[in-house]
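# A structural walkthrough
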Amino acid sequence: MNADMQGWGVWLALSAACVGTYLCRAAGVKLSGHIHQDSEVFRWLSAVTYAMVAALTVRMILMPLGLLATVPMLLRVLICVLSLAVMVSSPQRRLVPALLTGTLLMLAYGVWRTSP
Amino acid sequence: MNRFANRREAFWHGIRDALGAPVLVLFAGMVGFGAMGRTHGFDAWMTGLTSLLMFALPGQVVMLEMFISGSSLLAIGFAVTLTSTRFVTMVVTLFPQLHRRDRNPLLYLWVHMLAMTAWAVSMREFPTISPKHRLSYFIGLALPCWLISPMGTVLGYFVAGWVPTAVTLGLVFINPLFFLLTFTDVKPWANRIAIGLGCLFGPVFYMFDADSSLLLTGLVAGTLAYFIDRRWLRPRPVEVQA
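Computed from a predicted model, the values in this text were never measured in an experiment. The numbering scheme is per chain: residues are counted from 1 as the chain's sequence reads. Chain A is the first chain written and ligand 1 is the first ligand written, with later ones labelled in order. Thresholds applied to this predicted model are a pLDDT of at least 70 for local features of residues and 80 or more for the giving and counting of side-chain atom pairs; totals over whole chains, interfaces and linings are not thresholded and use all residues.

### Regarding the overall build of chain B
Condition: The helix count covers DSSP runs of H or I at least four residues long, the strand count covers runs of E at least two residues long, and both are numbered beginning at the N terminus. To get the radius of gyration, use the C-alpha atoms; to get the globule rule, take the number of residues to the power 0.38 and multiply by 2.2 Å. Residues are called buried when their C-beta atom has 20 or more other C-beta atoms within 10 Å, exposed when it has 12 or fewer, and partly exposed otherwise; all C-beta atoms are positioned from the backbone. Throughout, a pair of residues is in contact if the C-beta atoms placed from their backbones lie within 7 Å.
For chain B, the count of helices and strands is 12 helices and 0 strands. Taken over C-alpha atoms, the radius of gyration comes to 20 Å for chain B, in line with the 18 Å a tight globule of 242 residues would show. Along the first, second and third principal axes, the C-alpha atoms of chain B reach 75 × 50 × 35 Å. Burial status across chain B gives 52% buried among its 242 residues. Taking all contacts inside chain B whose residues are at least 6 apart in sequence as the whole, residues at least 24 apart take part in 79%.

Structure, rendered in structure tokens:
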């Protein structure tokens, strides 16, 4: 495959991906017109959505692509548990401190790994 | 219920809520994506446009990975659309909460700014906002999230290489961590069970077929959670004995 062909391919792939993603959003708007928020369908769809989002989150943590995959699985899980502990340590939910805990621990691991 | 005096106040409050964890999370995730685009040899323009026009990080990553591994255009389009099916139900669970007057064709425009971050925050905040202010709050919240994304991506693209790996590592981790943390704020039991079951089933279905696993997990775990809640947990209406 020559460079030019590859250049076209990237743009085509991007267009296809953009159209597909927007169509999903638009389908949501279309369907939402027929759904009432007190209905059983709404409750069921909420559960389905949360399950999907949960599956996606777990996938990003347990089976990541790229850089995160170089961190041992046990360590990724351990940092998540520690951050969750910070989060639920207050009934008001400490979102930013919990985010910082996880990020800084991951950063610390990265520094420790690269140091001789 | 009347947290805001008018729509303008709701909009600005949305902006204020965005300029914290949500913008930080998207920015970090997109910096990570930009760096990924650079290391895989993509064009800066194309990497940035992906964030502006697709604005769905998991789909973006899938697209990059599949393109590199030489998948066909049809397969890429199909796989990305499958990972984006979550938007259908995200919109369907969020927009019916808007005021009747706001549920017009303009929503086809606003819906593009919806991502998991703004959705998670809106689902948490909407019950405390009166319906007529919800759309303004949502726009205030989602607009900065969307605008920061291409900027983060392009920045990530250009700093990749000279930023220490440790920093990039911390940045790419913020995204999944944020979603994990927001789960602790979910109140309805059906949704809590759905999250638990989704975490269990997700990896299992992923082993069978990666592309369709999200949709499949959502349908199986979500439906199961819905029935568990309906059968055992929901307070039953008091039966009057004749």
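Back to the text.
### Overview of the overall build of chain A
From N to C terminus, chain A includes 4 helices and 0 strands. Of the regular secondary structure in chain A, the N- to C-terminal order runs α-α-α-α. Computed over the C-alpha atoms, the radius of gyration of chain A is 21 Å, more than 25% above the 13 Å expected from 2.2 N^0.38 for a compact globule of 116 residues. For the C-alpha atoms alone, the extent of chain A along its principal axes is close to 55 × 55 × 20 Å. Put simply, chain A has 116 residues, and 37% of those count as buried.

### Overview of the domain arrangement of chain B
All names here are of chain B. For the record, the criterion: Note that the domain bounds reflect an automated or database-derived domain assignment. When residue character is reported, Ala, Val, Leu, Ile, Met, Phe, Trp, Tyr, Cys and Pro are called nonpolar, Asp, Glu, Lys and Arg charged, and the others, Gly included, polar.
Segmentation of chain B into domains returns domain 1 (7-185) and domain 2 (186-234). Computed over C-alpha atoms only, the centres of domain 1 and domain 2 are separated by 22 Å. Facing the 7 residues of domain 1 at the interface are 6 residues of domain 2. Top contributing element to the side of domain 1 that touches domain 2 by residue count: helix 5 (residues 73-83), with 3 residues. A class-by-class count of the residues in the side of domain 1 that touches domain 2 yields 3 nonpolar, 2 polar and 2 charged.

### Here we look at the nonpolar core
Convention followed: By definition, a nonpolar core groups buried Ala, Val, Leu, Ile, Met, Phe, Trp, Tyr and Cys residues that are joined through C-beta atoms within 7 Å.
Ala51(A), Val91(B) and Ala194(B) are the most contacted members of the largest nonpolar core, which totals 107 residues. When residues of this core are assigned to their parent elements, the largest contribution, 14 residues, is made by helix 2 (residues 40-62) of chain A. Apart from the residues lying within four places of it in its own chain, the contact partners of Val91(B) are Arg25(A), Gly28(A), Val29(A), Ser32(A), Val111(B) and Leu114(B).

### Comments concerning the interface of chain A and chain B
If you look at the interface, chain A gives 68 residues, while chain B gives 83 residues. Elements that contribute at least two residues to the side of chain A that touches chain B include exactly helix 1 (3-32), helix 2, helix 3 (73-88) and helix 4 (95-114) of chain A. Top contributing element to the side of chain A that touches chain B by residue count: helix 2 of chain A, with 21 residues. By residue class, the composition of the side of chain A that touches chain B is 48 nonpolar, 16 polar and 4 charged.

### Details of the confidence of the model for chain A
In plain terms, the rule: Summary of the metric used: pLDDT quantifies the predictor's per-residue confidence within the range 0 to 100.
The share of residues in chain A with pLDDT of 70 or more is 94%, and the mean pLDDT across the chain is 87. Between residues 1-5 of chain A, whose pLDDT stays under 50, and residues either more than four places distant or in other chains, the model counts 1 contact.

### Digging into helix 10 (residues 165-182) of chain B
Residues and elements named next belong to chain B. To keep things clear, this is the line we draw: The span expected for a helix works out to 1.5 Å for each residue beyond the first. Fitting axes to the seven residues ending at a residue and to the seven starting there, one defines the bend at that residue as the angle between these axes.
A rise of 1.5 Å per residue sets the reference length of helix 10, with its 18 residues, at 26 Å; its end C-alpha atoms lie 27 Å apart and thus fit the reference within 8%. At Ile-174, helix 10 shows its largest bend, some 35 degrees, and a proline, Pro-176, comes one to four positions later. In terms of burial, helix 10 is a largely internal element, 14 of the 18 residues being buried.

### Description of the packing of helix 4 (residues 57-68) of chain B against helix 5 of chain B
Residue and element names in this part refer to chain B. Applicable threshold: All axes here are fitted lines through C-alpha atoms, helices being fitted over the stretch that makes contact, and every angle between N-to-C directions spans 0 to 180 degrees. These descriptions rest on fixed angle ranges, namely under 35 degrees for roughly parallel, over 145 for roughly antiparallel, 65 to 115 for roughly perpendicular, and the rest for oblique. Two helices that cross are described as forming a left-handed crossing if the nearer one is turned anticlockwise from the farther one by less than a right angle, and a right-handed crossing if clockwise.
Running from N to C, helix 4 and helix 5 point in directions that differ by 160 degrees, and their axes come no closer than 9 Å. In terms of their interaxial angle, helix 4 and helix 5 are classed as roughly antiparallel. By crossing handedness, the relation of helix 4 to helix 5 is classed as right-handed. For the pair helix 4 and helix 5, the contacting residues are Pro-58, Gly-59, Val-62, Met-63, Met-66 and Phe-67 in the first and Ala-75, Ile-76, Ala-79, Val-80 and Thr-83 in the second. When grouped by side-chain class, the residues that make up the contact of helix 4 with helix 5 number 9 nonpolar, 2 polar and no charged.

### Concerning unusual backbone geometry
Residue and element names in this part refer to chain B. Of note, the phi angle at Phe-55 is positive, near 50 degrees, even though the residue is not glycine. Tracing the chain through its elements places Phe-55 in the loop between helix 3 (44-53) and helix 4. Taking the C-beta count within 10 Å as the criterion, Phe-55 has 24 such neighbours and is therefore assigned buried.

### Comments concerning helix 12 (residues 213-233) of chain B
The first and last C-alpha atoms of helix 12 of chain B sit 28 Å apart over 21 residues, in line with the 30 Å expected at 1.5 Å per residue. The complete set of buried residues in helix 12 of chain B reads Ser213(B), Leu214(B), Leu215(B), Leu216(B), Thr217(B), Gly218(B), Ala221(B), Gly222(B), Ala225(B), Tyr226(B) and Asp229(B). Looking at the packing, one finds that the buried side of helix 12 of chain B touches helix 2 of chain A together with helix 5, helix 6 (86-94) and helix 11 (189-208) of chain B.

### Regarding the confidence of the model for chain B
Looking at chain B, pLDDT values average 88 and 97% of them are 70 or higher. Across the interfaces of the predicted complex, the ipTM metric reaches 0.86, alongside a pTM of 0.84.

### Some words on the packing of helix 4 of chain A against helix 10 of chain B
To characterise two packed helices, one gives the angle between the axes of the helices and the distance between these axes. Orientation of helix 4 of chain A relative to helix 10 of chain B, taken along the N-to-C sense of each, is 150 degrees, at an axis distance of 8 Å. You can see that helix 4 of chain A and helix 10 of chain B cross each other, and the crossing is right-handed. When helix 4 of chain A is examined against helix 10 of chain B, the residues Leu95(A), Ala98(A), Leu99(A), Gly102(A), Thr103(A), Leu104(A), Met106(A), Leu107(A), Gly110(A), Val111(A) and Thr114(A) are found in contact with a partner set consisting of Thr165(B), Ala166(B), Val167(B), Leu169(B), Gly170(B), Phe173(B), Ile174(B), Leu177(B), Phe178(B) and Leu181(B). Its residues assigned to classes, the contact of helix 4 of chain A with helix 10 of chain B comprises 15 nonpolar, 6 polar and no charged.

### A word on the environment of Phe205(B)
All names here are of chain B. Tracing the sequence through the fold places Phe-205 in helix 11. A sequence separation of 12 residues divides Phe-205 from Thr-217, and the C-alpha atoms of the two residues are 6.8 Å apart. Not counting chain neighbours up to four residues away, the residues in contact with Phe-205 comprise Ser-213, Leu-216 and Thr-217.

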